[in-house]
Structures are given as C-alpha cells and as structure tokens.
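One letter stands for each residue in the lines below.
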Amino acid sequence: SASVPEPFRGFDASSKYTINYDDLTAALKTVVVDTGRSTREVAAPTSSQIGTRMKVSVKRSTMNEANRFYYEIFQDSAEARQLLLGIQESLVRTPDEAPLKYFSRDEQLAYWLNLYNVTVLNEIIKIYPKRNLKKVVTGKKSIFDKKLLTVAGIPLSLNDIQHTILAKNYDEDPLITYGLYQGIIRGPNIRKSAYTGNNVYRNLEYNAREFINTNRGTYFRGDKVFEVSSLYDRNSQLFPDFEADLRSHLEKYLEGYELSGLKKATKIKADISDWTVTDLYGTYREMGGSLADNRAALMDSVVSTYQADNQIVPLNVGIQSNNMIVKTQPYSRFSPDLVEHLLEIRTREEMANMEKDTSVTVEELGVVSEQTPAEEPEGERD
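Since this is a predicted model, take the numbers as computed values, not measurements.

Chemist: Sorry if this is basic, but what is going on with the overall build of the protein chain here?
Modeler: A count of helices and strands for the protein chain gives 13 helices and 9 strands. Out of the 382 residues belonging to the protein chain, those deemed buried represent 47%. A separation threshold of at least 6 residues defines the contact pool for the protein chain, and within that pool the share at least 24 residues apart is 75%. In the form shown here, the protein chain has an accessible surface area of approximately 19900 Å², with 50% of it arising from carbon and sulfur atoms.

Chemist: How should I be thinking about helix 8 (residues 242-251) in this particular structure?
Modeler: Given 3.6 residues to a turn, an α-helix orients residues that are three or four positions apart in the same direction. Listed in full, the buried residues belonging to helix 8 are Leu246, Arg247, His249 and Leu250. For helix 8, the arc enclosing every buried residue in end-on projection is 165°, short of the 170-degree limit, so these residues lie on one face. In the core, the buried residues of helix 8 are packed alongside helix 6 (200-212), strand 5 (218-220), strand 6 (225-229), helix 7 (230-234), helix 9 (256-264) and strand 7 (267-272).

Chemist: Honestly, the nonpolar core in this entry has me stumped. Any pointers?
Modeler: The tendency in soluble globular proteins is for nonpolar side chains to be buried as a group. Counting residues in each nonpolar core, the largest one holds 76 residues, and the members touching the most others are Phe69 and Trp112. Looking at which element gives the most residues to this core, the answer is helix 3 (residues 105-127), with 12 residues. Those residues within four positions of Trp112 in sequence are excluded, and the remaining contacts are Phe8, Leu100, Val151, Leu156, Ile161, Ile165 and Leu166.

Chemist: How should I be thinking about the packing of helix 8 against helix 9 in this particular structure?
Modeler: Where helix 8 meets helix 9, the closest approach of the two axes is 11 Å, and the angle between their N-to-C directions is 155°. With respect to their mutual orientation, helix 8 and helix 9 come out roughly antiparallel. As helix 8 packs across helix 9, the resulting crossing turns out to be left-handed. Facing helix 8, whose interface residues are Arg247, Leu250 and Glu251, helix 9 presents Leu259, Leu262 and Lys263. Class assignment of the residues belonging to the contact of helix 8 with helix 9 gives a composition of 3 nonpolar, no polar and 3 charged.

Chemist: Teacher, can you tell me more about the pairing of strand 6 here?
Modeler: Regular strands show a simple pattern: their side chains alternate between the two faces of the sheet. Of all 5 residues in strand 6, 4 are buried, a share of seventy percent or more. Direction of pairing for strand 5 relative to strand 6: antiparallel, over a ladder of 3 bridges. Residue pairing across strands places Phe220 opposite Phe226, the latter belonging to strand 6. Hairpin connection between strand 5 and strand 6: a loop of 4 residues separates the two successive antiparallel strands, and Gly222 in this loop has a positive phi of roughly 105°. Note: strand 6 against strand 7, 5 bridges, orientation parallel. By the bridge assignment for strand 7, Ser229 is matched with Ile272.

Rules behind the numbers
- Residues numbered from 1 in each chain as written.
- Predicted model: local features only at pLDDT ≥ 70, side-chain atom pairs only at ≥ 80, totals over all residues.
- Heavy atoms only, no water.
- Helix = DSSP H or I, 4+ residues; strand = E, 2+ residues; numbered from the N terminus.
- Buried < 20%, exposed > 50% of the residue type's maximum accessible area, 1.4 Å probe, protein only.
- Contact = heavy atoms within 4.5 Å.
- Areas by Shrake-Rupley, 256 points an atom, 1.4 Å probe, with all protein chains shown as cover.
- Arc of directions from axis to C-beta.
- Core = buried A, V, L, I, M, F, W, Y, C linked by side-chain atoms within 4.5 Å.
- Axes fitted to C-alpha atoms, helices over the stretch in contact; angles between N-to-C directions.
- Parallel < 35°, antiparallel > 145°, perpendicular 65-115°, else oblique.
- Left-handed = near helix turned anticlockwise from the far one by under 90°.
- Nonpolar A, V, L, I, M, F, W, Y, C, P; charged D, E, K, R; others polar.
- Pairing = 2+ DSSP bridges.

Here it is in structure tokens:
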C-alpha cells in the first residue's frame, strides 16, 4: 500500500538518455551458464555410494533446469566479490548523478531490474554455499525484506523495488516478474547480459516463455489439476481473479502438451517449488562411503601369500602392484551423480549455443544484440 517515493516518480517519454551496463554484462557473460530451453525431461534418480545409504536429495523434475551462476568462484576470491559489489554500488549512485525522471520508462525499468538482480547475487554470495534458500527467500529474516540499498537518499528493500516501485510505476504488469532473479531454481532465470532500455521487454518476453515452458514453471500430469510454480501464489496480487487471470496469462506463452492440458484442467494449483540455489556444482555434497579408492591405500591393504614347506609365507606386495593398478578405479573428486548433472548442463549449454549460432529470431536467441539499427528499433514497446 506504500506510495512510490518522489525521486522514483515520473519519466520522460522522449528521452534519448541511456544507462551503460557494459561492466555488468561482462561479469554475467563470465559467470552465468545458459542451459537453454527446457526439454521437460526428468533427471535420473540419484544413488548412494558404496558403503553409505546417504545420497544427495534433489528434485528430479527440475534439477537440470534454470541458468546457473558460478557462485563457486566467489568463495575464495575477494577480488571477484569486490568486483560485483562495486557494480552494485555504482548502480546505487546512478540516480544521484542523473535523476531517474530524466529517463524513459523502459530505461528506468532496465535500471531497477539490474540493480535488483546484482543485489540478489551479492546477498547469496555472502551465505553461499547454503543449498536450500527457502528461508532466505520467504523466512522472517528474508534478504528481500531487508533495507539493503539507499537510492537517492531513500532506504529500499528488494521487495520495495518489486512491490512498490515496479508494481505501481508499471501497472502491476506480470511480465516484470520474469526479470527478477530469486537465486533459486524455481524462479526466473538470471541472464548472461544486463537489461537495457532497448531490449528489456523483448528479454522479459523471452524469460516468460522460457520459465512457463519448464517443469519448474508449469506441469500437467494428465488429470484435471494443472500445476504451476508457487511463484504465482507469492505474486497473486498480479492476478486479481487468480485462476482466470493466470490462465489467460499462461495461455499467451504455453506450448504443446501443457497448453492443451491447461485448457482441459478445471483447477490450477500453485504448488511447484524448488528452493535449490542455482549454482553450478558447489552444493553437491560428497557422501563418503567405506570403499577406499585411493591406489596407495589399496596397495597397503592387500596381503598376498603362498604356501612353502607347510608354512604360509607373505608375498611381496610390489610383485602384484601392476595388476592392482589395473584393477583399481581412478580417483575422482566428483560423485557419479554430480558428473551426470554437469554433463547434462554442459550438453544443454552447447545446444543453446548452437541454436544461437544458427538462429536470427529474438524469441529463440534470447539475447538481443545492440549493434545494428534493425535490432534497436526506436519507440515504445509493441
């Protein structure tokens, strides 16, 4: 119910001023893995290693979905952490240098999305490698409720940006939700480039289509209930007549089997959740077993014997070392489940890159180049 603070009201529809995000784009290109469009395939079950019943708990329907952020490299690199914090601080200062009212609506929207997303990244880096972020997102001490930013002299939380500034300045447009990264698989994707005033709505449309056509966004099991992400329940204010408005919204983007399923369904249920952080591999814990796979350890554990003069005589282990080396498994720092997970992500990333190399449509490409006039049409959103 809060009103938009005065420094963030108003815009200049005729403004030609733009904000440069080259530094943010360069960082995102380095640390974001684009996994491409979902195939809706369910991942294989995880398995425990020999000698233990413990195994990594994953949500198989969504574990290979969503773009990944390379949080791992920020753990031991103060320089990398400072780089991303510096980008956030620079964005915070931008309205002090040039008031936002001098920019167009689209340019302002790109600004708020970029500031929001880089702040989420920096906050998750602080608590990483925490795997399940449910309390971080929805708990009493949620990072989204804290006044993390002071922009133009106004203390702001991430929820202030989403539910006050963006909601009121952009008429509760559901499309904007898909540009707000949450740090979890269940949420919208983090992109490999920053939003700009020229590409913001086209990239939001792409994010919406990508999210809605994934298992983490929608799922139809063949009954009368159509399942959707709990993201929609948390943003129910965007859909006043929840089922009717959400159905109309989804039908704009859904494809294939799920589209026909939505038309058949008599009820929409917002219960799809995956609170796993969108890292690459760092939160895959190694469940230790009792099997020793180190070659040296195996050498020491083997005692061979032979019988001579009615006595049992130990055999020099070194005699059989070559045979043992052949039989022992090479040491791996990753579990089979993790290796399979990484291979799946790598395959999907390669497929996404191949599509980008051969496609010229904005919808399939996902990232709009800003180099040619054809890709930067003047004017407002269609």
